[in-house]
Structure formats: C-alpha cells, structure tokens
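Structural characterization, general
Residue strings, one per chain:
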Amino acid sequence: MSEFFSNIGKIPYEGKNSTNPLAFKYYNPDEVIGGKTMKEQLKFALSWWHTMGGDGTDMFGCGTTDKTWGESDPQARAKAKVDAAFEIMDKLSIDYFCFHDRDLSPEYGSLAETNAEFDKIVDYIAEKMAADPSKKLLWGTAKCFDHPRFMHGAGTSPSADVFAYTAAQIKKAIDATVKLGGNGYVFWGGREGYETLLNTNMGLELDNMARLMKMAVEYARSIGYTGDFYIEPKPKEPTKHQYDFDTATVLGFLRKYGLDKDFKMNIEANHATLAQHTFQHELRVARENGAFGSIDANQGDTLLGWDTDQFPTNVYEAALCMYEVLKAGGFTNGGLNFDSKARRGSFTPEDIFHSYIAGMDTFALGLRIADKLITDGRIDKFVEERYASWTTGIGKDIIDGKVGFAELEKYALEKGEVTDSLSSGRQEMLEAVLNNVMFNL
Ligand code: XLS
Ligand code: CA
Ligand code: CA
C-alpha cells in the first residue's frame, strides 16, 4: 500500500509559540482539560464526503483538486480512498470518521450490485479498523438526495416506490454502521421538504417521514444496534422549505410522532446560521430538551446565504459551543465531525492538513476557554443571581405549584409596582468577562 502524503509526517503538538504550519498549537490530545483528555472531550471525526470526495466542484466550474487517489476504476478508487482516509486520520491523530453510503462506494447498475460492492468496501474498512482499533466510526448515514430518483424527496416522495427504495438503502447503511461498530446514525433530510405547496401533500409527507424513521429504529434495534439516532436540522438548501428547519421544529415533529425517545440532534454550525440562529442557540435548545447528541463542526459566511461548510476558525463561536458541550456533560456517543471543506482555491494536498489543523486547533482553543469560563464562574454566578427570586418567596411558591392566578393577583395587588425588582442584564460587562477569559490563557 503506497503512502499518499509522503511529504507530510505525523502532525505534532508544538504549543502556542510554534510557527510550524504543520503542527498543532493548541490541540494536545493527551492533555487533560475539564477532567478528560482533549481527545476524549473533542472526539474529532473526518467527513468522508468532503475530505475524500470533494474536489472543489461548484455550480460555476469543475473541480480544482484531484480526489481520484490515483485510480480511475471506481472499485479501486473506493479502496484507495479508504487507505488515504486512514493515513490522513493517523497523521492528524483523528480517531473517528463519518460517511454517507455512497461516499464509501458509488452506485453501480442495480441496487443489488451497488450493495454487493458497498459490502466489499465496508469489509475492507472493518479489516483496517481491526488492524488499528484506535479508528472508530462516529456515525453513518445514507445519501438519499443526489440521484434523480430523489428529485421529489426520499421518505417524503409522492412515489411509494421511492419510499421503498429509500428504506432499502437506509437498511443497508444501518447494517454497515452496525458492522463497523458505529454509535450514531444520522438522518439529514436532504430533499425532505418542498418547493411549492401547490403540488404538495404536507401532512402525508410528514407522516411518511415519521414512518420511515420508526421503521429504521425498529430494524436497527432488531439487529442489536444500541447507539444513537440523530436528526440534523437544516432550514433550506437544497429545498426551499426543509421539514427539519431547526432544533425546535424537529423537537415538535419528534414529539408529534412519539419519536422523541429515539432521536437526538446532530447540530451543524452552518445550518444554525442559515436558520438565523447562533450555533450556541441550537446547542442550547437541544441541551435544554435532553436532545443534545453530536456536532457537525464548520462555519458559514455571514455575508453569504448558503451552506459554505468552511473549516471552523472562529474561536469565539467554538468557545461558546464547547461551553454548551461541557454543560451538557460532554459527548457520550457523539463527537465533533468536520463537515467542512477547504476553499476551492486551497487545492493542494497540504491544504487538507492545514484545514484540519486550523479546525482542530480552533476547537482545542474553544475547549480550553470553555473550561476556564466554567471554573472562572463569573458568568454562571451572574445567571444564578439573576434568577434568585425563584428560590424563595413567591417565586418558590410558583415553582412548587402552591399558587394560582387568584393568589398571584392578590400578591400583585398588595405589592404594587414591580419595576424595582429588576436589575441590569449587564450584557456588555459579561461580553467583557468572556473576552477577559478568552485572552487570559
Ligand atoms: C448537508 C449536510 C450533510 C449531512 C449528512 O448540508 O450537512 O452533509 O451532514 O447527510
Ligand atoms: Ca452536516
Ligand atoms: Ca452544511
């Protein structure tokens, strides 16, 4: 087996004063932060689609970087991709990976043929994982959105045949996830949405999406899968209205169909901003609802209205993200998947490494800051004191269910004006506290 990146060695941790572009400045895998090693806290994953397959193609032009891995034959290329992926993970000290079925192995003629070739690649990955048990599958998923058969949706297609095909494809992707010991299975509703209500039976489509998910859970549990199921919210792109708009919308859907015990969220930063939320907002909504699962780490561009999937370099965002992760008790089955791609102009093999180093160091800094923010305690203390009125007196009576409208009316009439009970929200002071913690490392 040949080496694909012979000019790049294992990326070392050299600390913040290093100027070596091929070294980590902040990610020190075995250093303990917040009670666990950084590698346990961050659980970085490589995304097979961007890293192994994305060649820079966009709607205005063809690829700028070669992702053929030296093979023109699709079977040989799929195998070479596995070798190259394991080399990248090894050199970057990344323990996890994520895939869509078709990223691993493309479509051939019939579904049966496609499945047979897919099995061979899954077996090959299983062999590589057996040889290096540090490599693990974070989650798998099925690519039910690129082929023309999915033009009107997959689980939400008006065609029952397409629904059946989708179920068959997901069944196979679940089999592969289980075979590779994955602890996560993702549903991102690629074309599960609509362009116009003039041709859409929304009620049936949503019922069918829930049917598909129920079947997936039943099947996976029946073959012994014990991991998590995630829904990855996204408000738009490719469809105008995606059904899984944001975390709050997805929670409503899950509860309506009795799926809330089975699913958590895979929150992507760029999807949060597309929904006009902050990344932290989406994480907080998930956390407050016991639905925090996994993260697709990337960033969008606030000046662009589409999904740019850039490698994350915004330390502020990463810090607030890791604050939510630590407050949620850290990752269990989930982790940080770099659903990110180098810019089209960053086309050399080294750019793969520069991109991951940038993303990993950004989240390493985020973790360091978040841990300091929690031990510093000023923000948590402020929030606690802001809500102190709920721990005694009338506030406690409300929480304890001791009073209703009649008692509250009596209380308010006796009390008179209540504006004096308020104190400043101190937003600017708190933002300065965050800056102080951030730059005091
Ligand atoms: C696309 C999504 C997709 C999911 C997995 O926007 O981010 O890549 O993460 O299907
Ligand atoms: Ca994603
Ligand atoms: Ca995205």
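The structure reproduced in this document is the subject of the present report.

Reading the values: rules and limits
- Residues numbered from 1 in each chain as written.
- Chains lettered and ligands numbered in written order.
- Predicted model: local features only at pLDDT ≥ 70, side-chain atom pairs only at ≥ 80, totals over all residues.
- Heavy atoms only, no water.
- 1 Å grid on protein atoms, 1.4 Å probe; cavity = no way out; pocket = protein on both sides within 12 Å on 5 of 7 lines; lining within 4 Å.
- Points joined across faces, edges and corners; volume = space filled by probe spheres on them.
- Helix = DSSP H or I, 4+ residues; strand = E, 2+ residues; numbered from the N terminus.
- Near = heavy atom within 4 Å.
- Polar contact = N/O pair within 3.5 Å; in protein donor to acceptor, adjacent residues only side chain to side chain.
- Areas by Shrake-Rupley, 256 points an atom, 1.4 Å probe, with all protein chains shown as cover.
- Nonpolar A, V, L, I, M, F, W, Y, C, P; charged D, E, K, R; others polar.
- Donors = N, O, S within 2.8 Å, 3.2 Å for Na, K, Ca; no water.
- Tetrahedral: all angles 85-135°; square planar, octahedral: opposite > 155°, others 65-115°.
- Buried < 20%, exposed > 50% of the residue type's maximum accessible area, 1.4 Å probe, protein only.

1. With respect to empty space enclosed by the protein
- Evaluated as defined, the whole model comprises three cavities of 30 Å³ or more.
- Within this model, the largest cavity holds a volume of roughly 160 Å³.
- Lining the largest cavity are 19 residues, and of these Cys144, Ile170, Phe187, Trp188 and Glu192 sit closest to its centre.
- For the lining of the largest cavity, the secondary structure elements donating two or more residues are helix H6 (160-179), strand S6 (184-187) and helix H7 (202-222).

2. With respect to the site of ligand 1
- Surrounding ligand 1, one finds Trp49, His100, Trp188, Glu232, Lys234, Glu268, His271, Asp296, Asp307 and Asp339.
- Between ligand 1 and His271 there is a distance of 3.2 Å, counted from an oxygen atom to a side-chain nitrogen or oxygen.
- At 3.0 Å from an oxygen atom of ligand 1 is found a side-chain nitrogen or oxygen belonging to Asp296.
- Protein chains shield 93% of the accessible area of ligand 1, which is 290 Å² for the free molecule.
- Taken together, the residues that form the shell around ligand 1 break down as two nonpolar, two polar and six charged.

3. Details of the coordination of the calcium ion (ligand 3)
- Around the calcium ion (ligand 3), the protein contributes the donor atoms Glu268 (OE), Glu268 (OE), His271 (NE2), Asp307 (OD), Asp307 (OD) and Asp309 (OD), which lie 2.1 to 3.0 Å from the metal centre.
- If you look at the calcium ion (ligand 3), its six donor atoms make angles of 46 to 157° with each other, and the shape they trace is irregular.
- In primary-sequence terms, the residues that donate to the calcium ion (ligand 3) follow E-x2-H-x35-D-x1-D.
- The calcium ion (ligand 2) is placed at 4.5 Å from the calcium ion (ligand 3), the two being bridged by Glu268. Pair noted here: His271 is in helix H9 (residues 269-274) and Asp309 is in the loop between strand S11 (292-296) and helix H11 (315-327), with a separation of 38 residues, a long-range link.
- Residue classification places His271 among the buried residues on the basis of a relative accessible area of 4%.

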